[in-house]
Amino acid sequence: MMKYTVVVPVFNGEDTIAECLASLLQQRDVTFGQDYHIVVIDDGSTDKTNQIVRQFPVEVIQLPKNEGRIIARLTGAKHARAQRLLFVDSRIVVSPDTLSKLEEFRDHPAVIGELKVEGTKYDTVFNTVLYLIRRKYYGKENFPMQADQLVISDKNFKRAPKGTALLLIVRDLFIELTPKRTGKEVNDDTLLFHNLVYQKRLNLLRSKKLLFQYSLRTDPRQFSNWLFHRGVRFTDFYLRPGGYFFVPFLLLLLFGLAGTMAAFLTEHGLCYLLTALLSLNTALTLYLSEEGRDYARVFFSLPVIASIFGLGIARFWAGKFRSAFSSAKNIG
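Residues numbered from 1 in each chain as written. Predicted model: local features only at pLDDT ≥ 70, side-chain atom pairs only at ≥ 80, totals over all residues. Heavy atoms only, no water.

1. Remarks on the packing of aromatic side chains
Thought 1: Evaluation of the coordinates by the stated rule reveals 20 aromatic pairs.
Thought 2: Relative to Tyr 238, the ring of Phe 234 has its centre 4.7 Å away and its plane inclined at 25 degrees; by these criteria the two rings are stacked. On the criterion of helical spacing, the pair formed by Phe 234 and Tyr 238 is a turn pair, its members being four residues apart in helix α8 (residues 220-239).
Thought 3: For Phe 234, a relative accessible area of 26% puts it in the partly exposed group.
Thought 4: An angle of 85 degrees between the planes, with centres 5.2 Å apart, marks the rings of Phe 299 and Phe 300 as edge-to-face.
Thought 5: Residue class for Phe 300 comes out exposed when judged on its relative accessible area of 61%.
Thought 6: For Arg 159, the ring lying beneath its charged end belongs to Tyr 137, and the centroid distance is 4.5 Å. (Phe/Tyr/Trp six-rings, centres within 6.5 Å; stacked < 30°, edge-to-face > 60°. Helix = DSSP H or I, 4+ residues; strand = E, 2+ residues; numbered from the N terminus. Buried < 20%, exposed > 50% of the residue type's maximum accessible area, 1.4 Å probe, protein only. Lys NZ or Arg CZ within 6 Å of the ring centre and 35° of its normal.)

Below, the structure written as structure tokens:
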């Protein structure tokens, strides 16, 4: 009987999908086709992804158009032949003993892997900033994770690193926990784990036994597009009404708007505003930096990252206001 179904959703992943699948097929102490099989969900790719995938002995489901991660993952889950699913992001390379170690987690409903981050801090200028931000938010003990495992419950959910790059989960549980909203802008990862911890009252386990490498986006256009959509999805969970950070976000937004208006309405106001922004960037640089070579990277990259991420936030709210306006117009 098949033990695991490995689900690999992919959209325009021609640069990384071959290495990802090769790592999944080169597993030790397990037999492909007997212990596990692989299902690739091609989410409407327009590049050479499909041609590359079909060179491997895996099942391929090609969606007619790009539906987004939620639909792609659900499609894979419903097509699975095993009750235990291993979701693998198309940008990651798993360790050769990953599949053989899954048996150690049979008593856990959901387990996520640990990203190999040692030595990646200075891979790119932007990665340095994101690395430092995660260190500050999650804590140095959790990023990179110092213990062998981290149990994520309702007590530490907000400040624990989470992600579905490598996720082991029971098939029926995954289908039950998947958000009902299926749009591409939905923060499906966080909502899935939130439903697991707060609705099902089950803990999520993060384990260093399931290590994986992640292929960073070094192309500026790819990185900008990824960061923009991260801003949209972040807003969907954290900054929407009722979200964890909605009230602080609203107060910060009102303060920023008031300051901007004052800057344009008072003499030398614009100069004061620019000085304030420069001071804020300097303060954040000092707060985030850990080594001497961090300062210049953070100082010059942080405004760019904040701007692109901020555009993603604006995109989310623009869509909400547009929907509300359309609904009001239809009612009227």
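2. Some words on helix α10 (residues 269-288)
For an α-helix the count is 3.6 residues per turn, leaving residues at separations of three or four pointing the same way.
Thought 1: When the terminal C-alpha atoms of α10 are compared, their 28 Å separation across 20 residues agrees well with the 28 Å that a helix rising 1.5 Å per residue should span.
Thought 2: Three or more residues of α10 are buried, namely Gly 269, Asn 281, Thr 285 and Leu 288. In a view along the axis of α10, the buried residues occupy a sector of 155 degrees, so they form one face of it. Residues of α10 that are exposed and point over 90 degrees away from its buried face: Tyr 272, Leu 286 and Tyr 287. (Expected span 1.5 Å × (residues − 1). Arc of directions from axis to C-beta.)

Any functional reading would require information beyond the geometric quantities listed.
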